[in-house]
Amino acid sequence: MVEDWLVATLARGLAFAAPLLFAALGELVAERSGVINLGVEGMMILGALMAFVVADASASPWLGVLAAAGVGALAALLHAFFAVTLRANQYVSGLALTMVGLGLSGLFGRAYAGKPLAHPLPKWDVPLLKELPWIGPGVFEGQSALLYLGLLLALGLSVFLHQTRPGIHLRSVGENPAAADALGVNVYLVRYLAVVFGGAMAGVAGAYLSVAYRPSWTEGMTAGMGWIALAIVIFAAWEPLRAVLAAFLFGAFYHLAYRFQGVLPPEFLKMTPYLFTILFLVLSALGKSVRLGAPEALGRPYVRGER
Amino acid sequence: MRLVPRGPVGPALSLLVPLFSVLLAFAASLLLLALFGTSPREAAVAVYQGLFTDLRGFSELLRRAVPLVLAGAGLALAFRAQFWNIGAEGQLLLGAVAAAGVALFSGIEGGWLLPAMALAAFLAGGLWALLAAVLKARLEVNDVITTLMLNYVAVYLVEWLIHGPWKGKTAFGFAYTDRFPEAASLPLFPGTALAWPGVVLAVLLAGFFAWLLFATTFGFEVRVLGENPEAARYAGVRATVTLSLVALFSGGAAGLAGFVEVAGTHHKLLSPLQISLGYGYTAIIVAWLARNHPLLAVLTGLLIGFVFAAGDVLKVALMVPFQLVEVVNGLVLFFLIAGEVFLRYRVVFGGRRG
């Protein structure tokens, strides 16, 4: 009984965590390069619409995911141009991106609202691993293919950031761009690439919603998840593997709140993810050491020869 | 392409550039309309006739501008202190909730009811913002995210109230409260749906914030805190106190916008989507366009009010989806920050590489 409950929480929590994980991993990379992008919500919703439209037209959900990554990357490119090249206020540019994204997706998505998707993403079982007790049915059975990719991505990013040369370059650009520049790292290029990668991942996060989690398109279906992803990056102290844990905790809490259906009014349940986010941020602030993770140059444009 | 910093620019240029940015954004929006198969010419004519040929049309523009000016002036104050209040939407809703609560359940009657509602709305909006400000000041919790999360919490709070404990006895299947008593209605300008006290309130509050910011010690502290937190600490500015007051004022202003919406237009608490058309989010643009000058927010609020009212006209006259308004607003913001680059830097093509 308790076992079933735990397994269900694990499985459902992860299913809910997947879009948060992708969006958070993307933003994490962008922020590691020193650029904050508050446009995650906007890029996610554009990705969700694009994925649905392409998956619907091509009958291939994977093509939809790819297109979502493309549109997210394109939107992020705009932010990179403003933040890196024009040295504009990164907060405002990101907010503008979110507004334009929500508006455009509402505008172009009207024709698709309420239409079910005939070919959603497949659910996979992982052979062998699914035989494990508890973890098997909780993590490796019947989850969306994208979730597994997300877990692999977190692992890959962790290695990339800490063990590889380009990863160390990326981090140095976020910590001390002047020093990185002096060592011959192209600060602008690295930042562009990191921000564009972040956008592509936000697009994939949106795609998960519209072609896997709930295969359909609804206006505003990201419901603030882009912002929650931003909070997860902070809670995870800019570490990919901790982002997995944070995203999962989040999903699990959400699932547990869902279980209280009938006990509490539904509006309170809908409120919980947002309250959790605040709680998460407070908790990470209380654990002071966590703050060490913030890239030193986060949010500051780099100008050669300026301090 | 290189950017070379330039010195201070004259007032003419610093006015012309944002104006040009807004015009560009409008032009881009007309292009988008054309993409949707609506003739830009037809759209322009419809907007002109809908808003600028009679009092009623123009009053609709003002009605949209009032909450934008109120919330925008408050945000201008907040942004000056580097308090990234993205939560005006939630603060507005909390204001509406508090005003509705007083109107429906306080038992206050007659001439005191409206002031009591306004005060409650101000406090509710202010306290909602204060929560985020205190977390920022004491624990360095990211204010962008907390204020934004509190928006969603506010939305579901309103949803809960109108579906649950405050659901009106006369509402039958619908989710809203009973109608407010007569004494809770703001008077309308004759021949229009515009609650004129809202206009007065918006202008007065914007003026008050400008005075506070530029003519008082408190305002000086706010600006120092925003421009150079290090220096503020050495100068003895108590960051927590200053930030808290800024949050109270900023959230309070948004709360008042909620009060004007329910007491001037709706006369009941109803769906959050109907109380606010995203005024709280859009007010960010109002403040930014005004270069965070509370008094200028009156002008920029009118401008963005125009975008909303034009969206209404286009929806009715040419069946253009209202989401266009959001896109236009986002574009205005993009063009605006792009324009600011040209105020700070001279763009040099080619030449010696830096």
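First, a word on what this report is: a plain description of the structure on this page.

Regarding the overall build of chain A
Counting its regular elements, chain A contains twelve helices and two strands. Starting at the N terminus and walking to the C terminus, you meet the elements of chain A as α-α-α-α-β-α-β-α-α-α-α-α-α-α. Relative to the 2.2 N^0.38 estimate, which gives 19 Å for 307 residues, the radius of gyration of chain A is 19 Å and therefore close to what a compact globule would have. Of all 307 residues assigned to chain A, the portion counted as buried reaches 57%. In chain A, once contacts between residues fewer than 6 apart in sequence are set aside, the share between residues at least 24 apart is 77%. When the accessible area of chain A is evaluated, it comes to approximately 12,400 Å², of which 68% is carbon and sulfur surface. For chain A, the distance from the average position of its 19 positive side-chain charges to the average position of its 16 negative side-chain charges is 6 Å.

Side note on helix α4 (residues 90-109) of chain A
All names here are of chain A. Counted at 1.5 Å a residue, the expected span for α4 with its 20 residues is 28 Å, and the 27 Å between its end C-alpha atoms agrees. Of all 20 residues that make up α4, 17 are buried, and the element is covered over most of its length. The N-cap of α4, judged by a side-chain oxygen 2.8 Å from the amide nitrogen of Y91 a few residues on, is N89.

Describing the packing of aromatic side chains
All names here are of chain B. Scanning the model with the defined rule gives 30 aromatic pairs over all chains in all. Judged by centre distance (6.3 Å) and plane angle (65°), the rings of F79 and W288 are edge-to-face. One end of the pair, F79, is in helix α3 (residues 55-80); the other, W288, is in helix α12 (residues 279-289), and 209 residues separate them in sequence. When sorted by exposure, F79 lands in the same class as W288, which is buried. Through successive ring pairs, a cluster of aromatic residues spans F26, Y48, F52, F58 and F306.

Focus on helix α14 (residues 323-344) of chain B
Under the 1.5 Å per step criterion, the end-to-end length of α14(B) is 33 Å for 22 residues, consistent within 8% with the ideal 32 Å. In terms of burial, α14(B) is a largely internal element, 18 of the 22 residues being buried.

A few points about the interface of chain A and chain B
With 49 residues of chain A at the interface, the matching set in chain B holds 45 residues. For the interface between chain A and chain B, the tally reads zero salt bridges. Linking chain A with chain B are two residue pairs in polar contact (both at pLDDT 80 or more), by the criterion used here. Counting residues per element, the ones that place at least two in the side of chain A that touches chain B are α3 (61-85), α4, α10 (225-235) and α12 (266-286) of chain A. Among the elements that make up the side of chain A that touches chain B, the one with the highest residue count is α4(A) (14 residues).

Description of the nonpolar core
The biggest cluster of nonpolar side chains holds 237 residues, and the ones touching the most others in it are W227(A), M117(B), F259(B) and L269(B). With 15 residues, the single largest contributor to this core is helix α9 (residues 187-213) of chain A. Look past the residues within four positions of W227(A) in its chain and what remains in contact with it is L38(A), E41(A), L95(A), T98(A), V144(B), I145(B), L148(B), M149(B) and Y152(B).

Some thoughts on the pattern of salt bridges
Between side chains of opposite charge, a pair can form when the charged atoms approach closely. If you walk through the whole model with that rule in mind, you get eight salt bridges over all chains. Here R32(A) makes a salt bridge to E239(A), at a shortest N to O gap of 3.1 Å. Within this pair, whereas R32(A) is found in helix α1 (residues 2-32), its partner E239(A) is found in the loop between α10 and α11 (240-259), the two being separated by 207 residues in sequence. Note on R32(A): relative accessible area 6%, which makes it buried. Its relative accessible area of 22% is what places E239(A) among the partly exposed residues. In this structure, R64(B) and D312(B) form a salt bridge, with 2.7 Å as the shortest nitrogen-oxygen distance.

Quick notes on the environment of V347(B)
Inspection of the secondary structure assignment puts V347(B) in strand β2 (residues 345-348). As a C-alpha pair, V347(B) and L248(B) span 99 residues in sequence and 41 Å in three-dimensional space.

Structural notes on the packing of α3(B) against α12(B)
All names here are of chain B. For the pair α3 and α12, the least separation of the axes is 7 Å and the interaxial angle reads 60°. Here α3 and α12 pass one another in a crossing that is right-handed. Here R64, P67, L68, A71, G72, L75, A76 and F79 of α3 lie close against α12, whose contacting residues are Y279, G280, T282, A283, I284, V286, A287 and W288.

Cut-offs and rules
Residues numbered from 1 in each chain as written. Chains lettered and ligands numbered in written order. Predicted model: local features only at pLDDT ≥ 70, side-chain atom pairs only at ≥ 80, totals over all residues. Heavy atoms only, no water. Helix = DSSP H or I, 4+ residues; strand = E, 2+ residues; numbered from the N terminus. Rg over C-alpha atoms; globule rule 2.2 N^0.38 Å. Buried < 20%, exposed > 50% of the residue type's maximum accessible area, 1.4 Å probe, protein only. Contact = heavy atoms within 4.5 Å. Areas by Shrake-Rupley, 256 points an atom, 1.4 Å probe, with all protein chains shown as cover. Lys, Arg positive; Asp, Glu negative; His and termini not counted. Charge placed at Lys NZ, Arg CZ, Asp CG, Glu CD. Expected span 1.5 Å × (residues − 1). Polar contact = N/O pair within 3.5 Å; in protein donor to acceptor, adjacent residues only side chain to side chain. Phe/Tyr/Trp six-rings, centres within 6.5 Å; stacked < 30°, edge-to-face > 60°. Salt bridge = Lys/Arg side-chain N within 4 Å of Asp/Glu carboxyl O. Core = buried A, V, L, I, M, F, W, Y, C linked by side-chain atoms within 4.5 Å. Axes fitted to C-alpha atoms, helices over the stretch in contact; angles between N-to-C directions. Left-handed = near helix turned anticlockwise from the far one by under 90°.

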